Amino acid sequence: MMSYDRLLRWFNPAARTRRDHKRINVLASGAIAGYLYWFAVFPIDVVKSRIQSDSFTAPKYQGMRVFYKGFAICLLRAGPVNAGNFFFYEETMKLVTPNPTKY
């Protein structure tokens, strides 16, 4: 969430409230925040998946490249999904919150 908020402010530094941001800035900030998240977490997710699926009697070592195998497909999904999540979050907050809070 911190990277999303910083990106949103970077795209529009003159915004006084969250309602002042353009929708395209919200979508772009959400997509970039999703990319940053998966870049950091993907190797950890690979380790978790390997622990769940590999046998402990004969572990396989495939080198360092295995940590980012399938990363491109993950990024294809991460951008639109996170952009949509943050967009709907912001739009819902506009409907639910009567008075916008200042930064």
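Quick summary incoming for the structure in this document. (Residues numbered from 1 in each chain as written. Predicted model: local features only at pLDDT ≥ 70, side-chain atom pairs only at ≥ 80, totals over all residues. Heavy atoms only, no water.)

1. Looking at the packing of aromatic side chains
For clarity, the cut-off: Working definition: rings of Phe, Tyr and Trp (its six-membered ring) pair if their centres are within 6.5 Å, and the pair is stacked with planes under 30 degrees apart, edge-to-face with planes over 60 apart, and tilted otherwise. Put simply, DSSP H or I for four residues or longer makes a helix, DSSP E for two residues or longer makes a strand, and each gets a number counted from the N terminus. Three exposure classes are used, based on accessible area relative to the maximum for each residue type with a 1.4 Å probe and protein chains only: buried under 20%, partly exposed in between, and exposed over 50%.
Taken as a whole, this structure holds nine aromatic pairs when the rule is applied. Each ring, one from Tyr4 and one from Phe86, has its centre 4.0 Å from the other, and the planes form 15°; the classification is stacked. Here Tyr4 is found in helix α1 (residues 2-11), whereas its partner Phe86 is found in helix α3 (residues 71-96), with 82 residues between them in sequence. According to the relative accessible area criterion, Tyr4 is buried, its value standing at 0%. Residue classification places Phe86 among the buried positions, given a relative accessible area of 16%. On the basis of an interplanar angle of 85° and a centroid distance of 5.1 Å, the ring pair of Tyr68 and Phe71 is categorised as edge-to-face. The exposure class assigned to Tyr68 is partly exposed, which follows from its relative accessible area of 34%. Taking the relative accessible area as the measure of exposure, Phe71 reaches 13% and is therefore buried. By way of ring pairs, the aromatic residues Phe39, Phe42, Tyr68 and Phe71 are connected into one cluster.

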